Amino acid sequence: MLARNETIFKWFLYAAAAFACFLVQGGLLQRLSFWGVIPFLYPLAAIVPATYEGPTAGTVFATAVGVVCDLLLPGPIPCLYTLIFPLAGLCAGLLSQSWLPAGVLCSLAAAAAAFLLLDGFHCFLLWSRGAAAWSAGASVMLREFCVTAPLVIPVTLLYRAVFRRTRFDS
């Protein structure tokens, strides 16, 4: 079991890594557009730590990232990220514990699940309001995931460095 100071240090570094992802998203990636969408790092910042830390800690961290995203990003659906990111974090943590070891491939699979949950929920809400959104939403989800997928590698390497740096029990 980690001492209190070591735990605080570990989660401070994870938060700093998420902040770095937020800065890259807001500073650089907002200006880039491929296939009509921009790369979207926020789900990666929420789910990649869950692949290293497990479902419980990953869900809590993803909830915190979701709250920050809801405060930062204007959107038509209030609390969208606060609702979806914990589910994505839980899926990522369970995926890394049961099927794939934490790493790039696990992060890629977890990112696909996160985009499916996020855009699927958004489409469901639009559909419940009477808008035909399933085909357009699926197209946006696929393009958004394809544009963001190459960024899984640097984000995973960033969080892996934090995980290895804060592994005090070895």
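Residues numbered from 1 in each chain as written. Predicted model: local features only at pLDDT ≥ 70, side-chain atom pairs only at ≥ 80, totals over all residues. Heavy atoms only, no water.

Caption draft 1: Structural view of the environment of Cys69. Looking at where Cys69 falls in the secondary structure, it is placed in helix 3 (residues 55-72). Judged by relative accessible area, which is 0%, Cys69 ranks as buried. With 20 residues separating them in the primary sequence, Cys69 and Gly89 have C-alpha atoms 14 Å apart. (Helix = DSSP H or I, 4+ residues; strand = E, 2+ residues; numbered from the N terminus. Buried < 20%, exposed > 50% of the residue type's maximum accessible area, 1.4 Å probe, protein only.)

Caption draft 2: Representation of the packing of aromatic side chains in the model. This structure, assessed with the given rule, holds 11 aromatic pairs. Through pairs of rings, three or more aromatic residues link up here, namely Phe22, Phe40, Tyr42, Tyr81, Phe85, Phe115 and Phe145. (Phe/Tyr/Trp six-rings, centres within 6.5 Å; stacked < 30°, edge-to-face > 60°.)

Caption draft 3: Layout of the packing of helix 1 (residues 4-27) against helix 3. With their axes 12 Å apart at the nearest point, helix 1 and helix 3 run at an angle of 40° to one another. Between helix 1 and helix 3, the interaxial angle falls into the category oblique. Seen along the crossing, helix 1 lies across helix 3 with a hand that is right-handed. Between helix 1, through Trp11, Tyr14, Ala15, Ala18 and Phe22, and helix 3, the contact on the second element is made entirely by Ala57, Phe61, Val65, Val68, Cys69 and Leu72. (Axes fitted to C-alpha atoms, helices over the stretch in contact; angles between N-to-C directions. Parallel < 35°, antiparallel > 145°, perpendicular 65-115°, else oblique. Left-handed = near helix turned anticlockwise from the far one by under 90°. Contact = heavy atoms within 4.5 Å.)

Caption draft 4: Quick peek at the side chain of Ser107. Here Ser107 shows up in helix 5 (residues 104-128). Its relative accessible area of 0% is what places Ser107 among the buried residues. For Ser107, the side chain forms a polar contact with the side chain of Thr156, separated by 3.1 Å. Here Ser107 is in contact with Ile47, Val48, Thr51, Val152 and Thr156, once residues within four sequence places are set aside. (Polar contact = N/O pair within 3.5 Å; in protein donor to acceptor, adjacent residues only side chain to side chain.)

Caption draft 5: Main features of unusual backbone geometry. Even without a glycine there, the phi angle at Cys79 is positive, about 65°. Along the chain, Cys79 turns up in the loop between helix 3 and helix 4 (80-98). Judged by its relative accessible area of 46%, Cys79 is partly exposed.

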